[in-house]
Amino acid sequence: MGKYIARRTLLVIPVLFIVSIITFSIMQLAPGDPAAIVLGGDYIMYATAEEIEEIRENMGINRPPIEQYLSWLGGFFVGELGKSLFTTESVSLLVSQKIEATISTVLSGITIAIVLGVPMGILAGWKMNTWIDRSVMVFAVLGFAIPGFWLAFNLIFVFSLKLGWFPVFGFRSLMTDGPIEFLRYITLPGITLGVAFMALIARMTRSSLVEVLSEDYIRTARAKGLSERVVLIRHALRAASMPVVTVIGLVFAAAVTGTVITETVFAIPGMGRMFVKAVGDRDFPVIQGLMMIFATSYVFVNLLVDILYAYLDPRVRYS
Amino acid sequence: MTTSNRGFNPNEVRQAKGVGSRIYIQFMRMLKKNPNMIIGLVILILFTTLTIFAEFLVKYDPTAIEPIDRFMPPGAKHWFGADVVGRDVYARVIYGGRVSLLVGFMVATFVTVAGLFIGLVSGYTPKLDIVIQRIMDAIMSFPTLLLALALIAMLGGSVWNVIAVITIVDTPRMVRIVRSAVLSVREQQYIDAARGIGAPVSRILFNHIAPNTMAPVIVQATYFFAAAILTEASLSFLGLGIPPEDPSWGNILSLGRKYLQQAFWIAFFPGLVLTINVLAMNLVGDGLRDALDPKLSRSV
């Protein structure tokens, strides 16, 4: 086990190295002078050569690319991700202000997906080829095709504008505003984000349960007279949980993509919305910083999932 | 009666053995097993026809402004209602389908070609494999939409830039599928045999290995088609994909979101059509998967 973990962890280094090169190159390859972005399109024509040089010096972009890359990467290790081109605030500070909203949104989406998706999958797999199974599968296919923003509109239209149960947009902190306000604001974004994963998790749980239920040892368990509940809980679910663990890793990556859309629709002040704004403004240090954070956390979540997987299934370690 | 008492006409059998009719028979058998796939195919064919011949089938110009019809609800005049400047939403959705389907089709094609090429090379040459796989892993570490947005920030939004960006983001996923197919075929005896008689690497790769990777590749291509349409819609919805001059499902929706209270139909119909199309493509993909790649259908 220790050997497997070491081998798997070492693989992270080259991947993160290439991630940093890709992230850094995007700014280097972007056409146009970043100084011009700071000055704003037209002002560059009126600015003197000295003024432009001063801005370039302040931004550190007059140095050779290799040097810039190394200092940028060095900053990443001490948690310093550069400064926004416009507000000149540090990216780490901006992230620390936005991270709570993003984590709240992602976790509520994943919670809804797991809490509803797993039982749906179990029910469908257990009652295979009945109307229950079929309706769960129809839902799973539908949930996968519906784009998040369109689902959000329909939810807002019905539950906020027509019924008035939930606010149209915004975010309340769990810490400062209390759980009731928090839930009122996070429910619709959570559903928006969660439905696709709910569909995926339900599908995965169903298919792995169906496979496990056809195994010999399940027949043995039933033959020796164990109750259906014990067979299902003690024997089938344990084995069927494996693919679900892998899906959580997938879901994490997809949730970050989803949160960009969800935060934009519901005007949640999180990292996804911050990223969209930075792309619109071409604020490259912010784009780079966020890309590094998202990619790094994805790499480590995957590492964790792989280790967990190897722990649950010893065969993985030796392949 | 000219048919023999053996119950079949030998001529018919001979005809059925022709390659064209064999594929036809397989195709019909596949459809028969998968009624859902027929639904998906019918929707896609109908919709594609509608978008291609939109000039003859849609009576309004998607850019024609009619201030008098501003915010007119869906009805006999405007089937899907009219938008903030009185443009016909139905016409915009149908013409918008052109952009969306073009993006989906081009991305699926480019991803397949690039994925096949890189995947074949990577799977067959272990030395290159290590390097290529780390690069692919790195690209896949970025959440898809985030990388697409960052590349758009660099390139700017236009139809072809959107196609290029989604292709870059999706290719590693196709590479992974091709590569794993190659790895399982590579050790087969007939590959050793081909190598033994001195076949060049290019022939082994393209004549012997590539055909055996086709089943999962075709199945995945349909999923990439659907996913590309969703990604395009997301980018345009965020105002960073297709510029607003060309209607696409994403940017019509994006405009409609401001008027949800007064005119829900501006956002509702493009989303509905988008969902139906993605659903249809997924149904076709599931049908193909069950028919071509039975191993996969068991795992998902």
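See the structure printed just above.
Structure report, in brief.

Conventions we followed
- Residues numbered from 1 in each chain as written.
- Chains lettered and ligands numbered in written order.
- Predicted model: local features only at pLDDT ≥ 70, side-chain atom pairs only at ≥ 80, totals over all residues.
- Contact = placed C-beta atoms within 7 Å.
- Helix = DSSP H or I, 4+ residues; strand = E, 2+ residues; numbered from the N terminus.
- Nonpolar A, V, L, I, M, F, W, Y, C, P; charged D, E, K, R; others polar.
- Axes fitted to C-alpha atoms, helices over the stretch in contact; angles between N-to-C directions.
- Parallel < 35°, antiparallel > 145°, perpendicular 65-115°, else oblique.
- Left-handed = near helix turned anticlockwise from the far one by under 90°.
- Buried ≥ 20, exposed ≤ 12 C-beta atoms within 10 Å, placed from the backbone.
- Core = buried A, V, L, I, M, F, W, Y, C linked by C-beta atoms within 7 Å.

1. Examining the interface of chain A and chain B
By convention, interface size is frequently given as the accessible area that disappears when the constituent parts associate. Taken residue by residue, the interface counts 39 residues in chain A and 36 residues in chain B. Taken together, the elements giving at least two residues each to the side of chain A that touches chain B come down to α2 (12-29), α7 (131-145), α8 (148-162), α10 (179-213), α12 (228-265), α13 (271-281) and α14 (284-312) of chain A. Among the elements that make up the side of chain A that touches chain B, the one with the highest residue count is α2 of chain A (seven residues). Among the residues forming the side of chain A that touches chain B, the class breakdown is 33 nonpolar, four polar and two charged.

2. As for the packing of helix α11 (residues 249-256) of chain B against helix α12 (residues 265-292) of chain B
All names here are of chain B. Direction vectors running N to C along α11 and α12 enclose 155 degrees, while the axes themselves pass 7 Å from each other. Between α11 and α12, the angle is such that the two are roughly antiparallel. Between α11 and α12 lies a crossing whose hand is left-handed. Listed contacts from α12 to Trp249, Ile252, Leu253, Leu255 and Gly256 of α11 are Ile266, Ala267, Pro270, Gly271, Val273 and Leu274. Of the residues assigned to the contact of α11 with α12, the class counts are nine nonpolar, two polar and no charged.

3. Some thoughts on the packing of α8 of chain A against α10 of chain A
Residue and element names in this part refer to chain A. It is at 9 Å that the axes of α8 and α10 come closest, and there the two elements cross at 145 degrees. The element α8 and its partner α10 pack so that their crossing is right-handed. Listed contacts from α10 to Gly148, Leu151, Ala152, Leu155, Ile156 and Phe159 of α8 are Leu188, Ile191, Thr192, Leu193 and Val195. Its residues placed into classes, the contact of α8 with α10 shows nine nonpolar, two polar and no charged.

4. Describing the environment of Pro62 of chain B
Residue and element names in this part refer to chain B. With respect to the secondary-structure elements, Pro62 resides in the loop between α4 (54-57) and α5 (89-124). Judged by the 20 C-beta atoms lying within 10 Å of it, Pro62 is buried. Distance from Pro62 to Arg98, taken between C-alpha atoms, is 12 Å for residues 36 residues apart in sequence. In this structure Pro62 touches Arg87, Asp88, Ala91, Arg92, Tyr95 and Pro247, once residues within four positions along its chain are discounted.

5. Overview of the nonpolar core
One finds Phe275, Val279 and Ile287 of chain A together with Leu146, Ala148, Leu149 and Ala150 of chain B to be the most contacted residues of the largest nonpolar core, which totals 153 residues. Look past the residues within four positions of Ala150 of chain B in its chain and what remains in contact with it is Ile26, Val279, Ile287 and Met291 of chain A. If you look at the next biggest cluster of nonpolar residues, it comprises seven residues, including Leu209, Val212, Ala236 and Ala240 of chain A.

6. Describing unusual backbone geometry
Residues and elements named next belong to chain A. Residues other than glycine seldom take positive phi values, yet Ala267 does so here, at roughly 50 degrees. Its location among the elements puts Ala267 in the loop between α12 and α13. The exposure class assigned to Ala267 is partly exposed, which follows from the 13 C-beta atoms found within 10 Å. Positive phi outside glycine occurs at Arg282, with the angle close to 55 degrees. Mapping Arg282 onto the fold places it in the loop between α13 and α14. Arg282 gets classed as partly exposed once you count the C-beta atoms within 10 Å, which come to 19.

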